[in-house]
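If you want the building blocks of each chain, they are given just below.
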Amino acid sequence: MDTNWRRKKMRARNNDGVIRIAKVYTVFETHYTASFYFDGEMHHFWEMVYVIDGMIGVSGDGSVFTLQPGEIIFHKPMEFHKLWAVSHTEPRLFIMSFEAKGEAMELLEHGVFRLDDFQKQQMQSLLDMFRTWSPEALKREKQGSVTQPWLGEPAKLQMFCNMAENVLLSFYADREKALVTQTSENAELYGTLVREMERHKGEKLTVSELAEKCCVSEANVKKLFMKYAGCGPHTYFLNMKVSQAVQLLAKGHRVGEISQMLGFDNPNYFGVVFKRITGYSPIHYKRLYLNR
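Attention in this report is confined to the structure presented alongside it. (Residues numbered from 1 in each chain as written. Predicted model: local features only at pLDDT ≥ 70, side-chain atom pairs only at ≥ 80, totals over all residues. Heavy atoms only, no water.)

**Some words on the pattern of salt bridges**
To keep it simple, the criterion reads: The salt bridge definition used is simple: a Lys or Arg side-chain nitrogen within 4 Å of an Asp or Glu carboxyl oxygen. Only runs of H or I of at least four residues qualify as helices and only runs of E of at least two qualify as strands under DSSP, and these elements are numbered from the N terminus. For the exposure calls, accessible area comes from a 1.4 Å probe over protein chains only, and a residue counts as buried if that area is under 20% of its type's maximum, exposed if over 50%, partly exposed in between.
The final tally for this structure, using the stated rule, is 8 salt bridges. A salt bridge links Glu 71 to Arg 114, with the nearest nitrogen and oxygen atoms 2.9 Å apart. On the criterion of sequence distance, the pair formed by Glu 71 in strand 6 (residues 71–75) and Arg 114 in strand 9 (residues 112–114) is long-range, its members being 43 residues apart. In this structure Glu 71 comes out as buried when scored by relative accessible area, which is 2%.

**Remarks on the sheet that holds strand 5 (residues 63–67)**
In plain terms, the rule: We treat two strands as partners when DSSP finds at least two bridges between them. Whenever a helix is involved, its axis is fitted only over the stretch in contact; in every case the axis is a line through C-alpha atoms, and angles between N-to-C directions fall within 0 to 180 degrees.
An order of 2-7-4-5 is seen for the 4 strands of this open sheet, with the pairing classed as antiparallel. Of all strands in the sheet, those with a lone pairing partner are strand 2 (37–41) and strand 5, marking the two edges. In this sheet, adjacent strand axes meet at a mean angle of 15° when their direction is disregarded. Direction of pairing for strand 4 (residues 56–60) relative to strand 7 (residues 81–85): antiparallel, over a ladder of 5 bridges. Bridge pairing in strand 7 links Ile 56 to Ala 85.

**Examining helix 4 (residues 154–173)**
The criterion, for reference: In this analysis, the expected span of each helix is defined as 1.5 Å times one less than the number of residues it contains. For this analysis, residues touch if any pair of their heavy atoms sits within 4.5 Å.
In a regular helix each residue adds 1.5 Å, so 20 residues correspond to 28 Å; helix 4 covers 28 Å between its end C-alpha atoms and thus fits that length. For helix 4, every residue scored as buried is listed here: Phe 160, Cys 161, Ala 164, Glu 165, Val 167, Leu 168, Ser 170, Phe 171 and Tyr 172. The inward-facing, buried residues of helix 4 abut strand 1 (20–31), strand 3 (46–53), strand 6, strand 8 (92–101), strand 9 and helix 2 (117–133).

**As for the sheet that holds strand 1**
Ordered in space as 1-8-3-6-9, the 5 strands form an open sheet in which the pairing is antiparallel. Unpaired on one side and paired on the other, strand 1 and strand 9 mark the two borders of the sheet. With direction set aside, neighbouring strand axes in the sheet form an average angle of 15°. Summarising the sheet, strand 6 and strand 9 pair through 3 bridges and their orientation is antiparallel. Residue pairing for strand 9: Glu 71 is matched across the bridge by Arg 114.

**Considering the pairing of strand 7**
Most of strand 7 sits out of view: 5 of its 5 residues are buried. In this sheet, strand 7 lies alongside strand 2 in antiparallel orientation, the contact comprising 3 bridges. In the sheet register, Phe 38 faces strand 7, and the bridge partner there is Leu 83.

**A word on the environment of Pro 69**
Residue position: Pro 69 is located in the loop between strand 5 and strand 6. Overall, the relative accessible area of 43% leaves Pro 69 in the partly exposed class. Along the primary structure Pro 69 and Gly 54 are separated by 15 residues, whereas in three dimensions their C-alpha atoms are 6.3 Å apart. Not counting the four nearest positions on each side in its chain, Pro 69 is found in contact with Val 51, Ile 52, Asp 53 and Gly 54.

**Some thoughts on empty space enclosed by the protein**
The condition that has to hold: The distinction between a cavity and a pocket rests on a 1 Å grid over the protein atoms alone: a 1.4 Å probe fits inside a cavity but cannot get out, while a pocket stays open yet meets protein on both sides within 12 Å along at least five of seven lines, and a residue with an atom within 4 Å of a point counts as lining. Grid points are joined across faces, edges and corners, and a volume is the space filled by probe spheres set on the points. By the convention adopted, Pro, Cys, Tyr, Trp, Phe, Met, Ile, Leu, Val and Ala count as nonpolar, Lys, Arg, Asp and Glu as charged, and the other residues, Gly among them, as polar.
Summed over all chains, the structure comprises 1 cavity of 30 Å³ or more. Here the largest cavity is characterised by a volume of approximately 30 Å³. At the level of elements, strand 5 and strand 6 are the ones that each hand at least two residues to the lining of the largest cavity. At 3 residues, the largest contribution of residues to the lining of the largest cavity is made by strand 6. Here the residues of the lining of the largest cavity sort into 3 nonpolar, 4 polar and 1 charged.

Listed below in structure tokens is the structure:
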């Protein structure tokens, strides 16, 4: 396919540019202890995790990574992920959650990068801006959202978003330099289990069936999911189904259709599971986040 034609088609379909940050939810710099362990979660927005100091383990959609200072990971919307401190370090992280538009965002899905000197300068400028304009957040050593103190100052928020967009664009331009996943035996087995779930997310799948398909004991299956996902395999499987349900809602499928496509007994039970995980009914979720 002609490259120039593809570029013209992208511009015609997308008025948001290559990448545009539409909304910032939270931005915070935080310091964790060596025993830090964050249970898995998923949400409707993007999340960027940058390691300033120390080391962290991160899992997302069946992949496992170990990140060192100067490395960054992106979690796409509705990606189940978790993180923890590793190697007895006390990690200091810079985390930003945001809504972004532009077709290039798809290419940052599962993106894990080691920053070069130019990207480190960009990230340092972003950090300096945050530290200068959100000093109270730093004093708490926990989290401080830029959206709260900057609500009355849209110029600052726009400047921050513009700088953050430049950071994202640099990773998009350097996407071929993405890091590889962790290759330990347990991490590889966990990835195999998640991929097997993916193949059967339109069906019912018990833990015993999953274990049998992957030639591993049920006890080991549960152990691996607790280690890398922070939840049991059944909970992870339901999260996976709900993540797929969001994509189907965005494509215009009805709730009843989605329930059947994902192997739920009936639409009512599907609705209960969807609300328990997202906090909203499928219809309410679609109105809030998909009809834009």
